[in-house]
Amino acid sequence: MKNPERLKIVIAGGGTAGWMTAAALGKLMSHRLSIRLIESDQIGTVGVGESTIPTMQVFHRLLGIDERTFMRQTNATFKLGIRFEGWKEIGSEYFHSFGTAGKDTWAAEFQHFWLRAKKLGIADAFGSYSIELQAAAAKRFAAEFEPRLNYAYHLDATAYAKYLREMAEKNGVIRTEGKIKHIKLDEHSGHIRSLILESGEEVGGDLFVDCTGFRALLMEGALHTGYEDWSHWLPCNGAVAVQTESVEDPVPFTRAIAHSFGWQWRIPLQHRVGNGLVFCSDYCSAEEAKGVLLNNIKGAPLSEPRLISFKTGKRRKSWNKNCVAIGLSSGFLEPLESTSIHLISSAILRLIRLIPIKEISEEDVNEFNRQMDVEMAEVRDFIILHYKVNNRGDSNFWNYCRQMEVPEKLHHRLAMYEQSARIFRAPEELFTINSWNQVMLGQGITPREYHPIADITSEADLREYFDKMRRYINEVVSRLPTHADYLKSYCNSGVMQ
Ligand SMILES: Cc1cc2nc3c(=O)[nH]c(=O)nc-3n(C[C@H](O)[C@H](O)[C@H](O)COP(=O)(O)OP(=O)(O)OC[C@H]3O[C@@H](n4cnc5c(N)ncnc54)[C@H](O)[C@@H]3O)c2cc1C
């Protein structure tokens, strides 16, 4: 590739990853790039990524997406967090909300004051001091509201890809329907020269984006990049998914319900509910998982249960030669914290920042891969935490998770928190101190000590502070409409009565 006038980008695959990439590059870079996307209707998409995290709002702002239009077209609902049911032990429940609990001080975070107040019998549960968490529990929500809530979406994955496709095509992205049969490499450099379609058409390019999902046709099929297997830490390797009719108002949170060999998701949309059971095949068969899922859904199934197999881990390089893997082709952690679509958007933004100017620079490629590695490892550790810290003795699956060795950095984080409620976080990390607090406490860690700065406040002042905060949060939540009413007035796709 030598100083091309317009860099030719070929995106292979048109699932969520392919169309997010096409929409973003089309919107922000079409003056510099010519973009072509190849997808095969015959093969189809994985179609299950329907729960997101708040960073999606940033991605949408960059693309100039209007929230109401996007929500109507994708039958979306709002999400304030995830309710974890049965994770610490059978019958237990906690929220990981997108909110912030209490207020930090310069010396110590809120959890230290809360721990002292709890010891004195002054404070309620940690989550009582987060507006988003209390709003989720009360099934209330409003987007246009003061104070502003931190939220994400549940969306119909197929409709989302369609919505982005329209946008991308308006911005000049050319779509080709066809099956990629063969990938031609340059004999000398080993770079991808072109994709040969079943029709015989040959599509050449300067930079190829592999969005072919788990197949990773370009990254693995052609370039043999290799895969780092993380299944010893994240042992689930299959999911059965089924859509059901809505039989109740959509709640503003995803449900993650633990079972003896994995967990079940429930994602409420305006027109239906997405359900799935994530399991580890060492502890249960796909048939058994399907049976458990079908016994634990509400509403009539709208589709045949579908089995999806995966291996948790990541591609050894996310950018290799002239190919960048985005989406499932770059790796998969598992859907517990709904991070995959976020990882797609952050890879796209990283690609835009490091887009080749004259030719592909080894420095840019290394930087891209370094940042991806750090990001994936941090998200991975946060997900492992949910499995590792459990009190469930009901199955070999949970016993394995409790006893497994975890990555060194996570081990260190857990030890620090157990000892003194201290949490460290690098500025670019995705999960906040609030997230770590909610999940560590929710999974059952009780720190032995708190920071001595929390003793500075008198007991009376501490009581007043916690009482006031509780009253304020109750007052805010009572002003919110129900999530269902708000959806009807804000972005009803036409299906909500
Ligand atoms: C069980 C499960 C649950 C999940 N839940 C969530 C969630 O709640 N939140 C979240 O953020 N993420 C979730 N994810 C991840 C999310 O589904 C994916 O990150 C997202 O859908 C992107 O997928 P993709 O576009 O990479 O792949 P796919 O959707 O598989 O798309 C692959 C594309 O490549 C095309 N293709 C493949 N081979 C060829 C070929 N030979 N020729 C032409 N085209 C080809 C296909 O036609 C398709 O268009 C989940 C994933 C799984 C497995």
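Residues numbered from 1 in each chain as written. Predicted model: local features only at pLDDT ≥ 70, side-chain atom pairs only at ≥ 80, totals over all residues. Heavy atoms only, no water.

Examining the overall build of the protein
Part 1 of the reasoning: The number of helices and strands found in the protein is 15 helices and 21 strands.
Part 2 of the reasoning: The C-alpha radius of gyration computed for the protein amounts to 23 Å, which stays within 12% of the reference 23 Å derived for 497 residues, consistent with globular compactness.
Part 3 of the reasoning: Taking the principal axes of its C-alpha atoms as reference, the protein extends roughly 75 × 50 × 45 Å.
Part 4 of the reasoning: Sorting the 497 residues of the protein into buried and exposed places 58% on the buried side.
Part 5 of the reasoning: Counting only contacts in the protein whose residues sit at least 6 apart along the sequence, the fraction spanning at least 24 positions is 77%.
Part 6 of the reasoning: Of the roughly 20,800 Å² of accessible surface on the protein, a fraction of 48% belongs to carbon and sulfur atoms. (Helix = DSSP H or I, 4+ residues; strand = E, 2+ residues; numbered from the N terminus. Rg over C-alpha atoms; globule rule 2.2 N^0.38 Å. Buried < 20%, exposed > 50% of the residue type's maximum accessible area, 1.4 Å probe, protein only. Contact = heavy atoms within 4.5 Å. Areas by Shrake-Rupley, 256 points an atom, 1.4 Å probe, with all protein chains shown as cover.)

Brief notes about the nonpolar core
Part 1 of the reasoning: Core analysis: the largest hydrophobic core is formed by 137 residues, its most contacted members being Ile9, Phe78, Trp87, Leu164, Ile326, Tyr387 and Phe466.
Part 2 of the reasoning: No other element matches helix α10 (residues 362-388), which puts 10 residues into this core.
Part 3 of the reasoning: Once residues lying within four places of it in the same chain are set aside, the contact partners of Tyr387 are Trp87, Leu234, Cys236, Trp263, Glu334, Leu336, Phe397, Trp398, Cys401, Arg402 and Met404.
Part 4 of the reasoning: By size, the runner-up hydrophobic cluster in this structure holds 17 residues, among which are Phe208, Ala216, Cys323 and Ala325. (Core = buried A, V, L, I, M, F, W, Y, C linked by side-chain atoms within 4.5 Å.)

Let's talk about the sheet that holds strand β12 (residues 227-229)
Part 1 of the reasoning: Read from one edge to the other, the open sheet built from 3 strands follows the order β12-β18-β21, with strand pairing classed as antiparallel. Strands with a single pairing partner mark the edges of an open sheet, and in this sheet they are β12 and β21 (331-332).
Part 2 of the reasoning: Where β12 meets strand β18 (residues 313-315), 3 bridges bridge the pair, whose relative direction is antiparallel. The residue bridging Glu228 from the neighbouring strand is Lys314, located in β18. (Pairing = 2+ DSSP bridges.)

Quick look at the sheet that holds strand β9 (residues 192-197)
Two orientations exist for strands paired in a sheet by backbone hydrogen bonds: parallel and antiparallel.
Part 1 of the reasoning: With respect to topology, 3 strands assemble into an open sheet ordered β8-β9-β10, the strand pairing being antiparallel. The strands lining the two open edges of the sheet, one partner per strand, are β8 (180-185) and β10 (202-204). Strand-to-strand twist across the sheet, computed as the mean angle between neighbouring axes with direction ignored, equals 25 degrees.
Part 2 of the reasoning: Bridge count between β9 and β10: 3 bridges; the pairing is antiparallel. Pairing of Ser194 across the sheet is with Gly204, part of β10. (Axes fitted to C-alpha atoms, helices over the stretch in contact; angles between N-to-C directions.)

Digging into the site of the ligand
Part 1 of the reasoning: The environment of the ligand is formed by 35 residues, the closest being Gly14, Ser51, Ile180, Leu328 and Ile341.
Part 2 of the reasoning: Between Gly44 and the ligand, the recorded distance is 3.3 Å, taken from a backbone N or O atom to an oxygen atom.
Part 3 of the reasoning: Where the shell around the ligand is concerned, the elements lending two or more residues are α1 (16-29) and α9 (340-353).
Part 4 of the reasoning: The element contributing the most residues to the shell around the ligand is α9, with 3 residues.
Part 5 of the reasoning: Class assignment for the residues of the shell around the ligand results in 16 nonpolar, 15 polar and 4 charged. (Near = heavy atom within 4 Å. Polar contact = N/O pair within 3.5 Å; in protein donor to acceptor, adjacent residues only side chain to side chain. Nonpolar A, V, L, I, M, F, W, Y, C, P; charged D, E, K, R; others polar.)

Considerations on the pattern of salt bridges
Part 1 of the reasoning: Tallying each qualifying case throughout the model produces 29 salt bridges.
Part 2 of the reasoning: Across the pair Glu220 and Arg315 runs a salt bridge, and its minimum N-O distance is 2.6 Å. Note that Glu220 is positioned in helix α7 (residues 217-222) and Arg315 in strand β18, a separation of 95 residues in sequence.
Part 3 of the reasoning: Classification of Glu220 by relative accessible area gives partly exposed; the value is 23%.
Part 4 of the reasoning: In this structure, the salt-bridge partner of Glu228 is Arg316, at a minimum N-O distance of 3.9 Å. Here the residue Glu228 occupies a position in strand β12, and Arg316 occupies one in the loop between β18 and β19 (319-320), the gap between them amounting to 88 residues. (Salt bridge = Lys/Arg side-chain N within 4 Å of Asp/Glu carboxyl O.)

Geometric descriptors of this kind do not, in isolation, establish any biological role.
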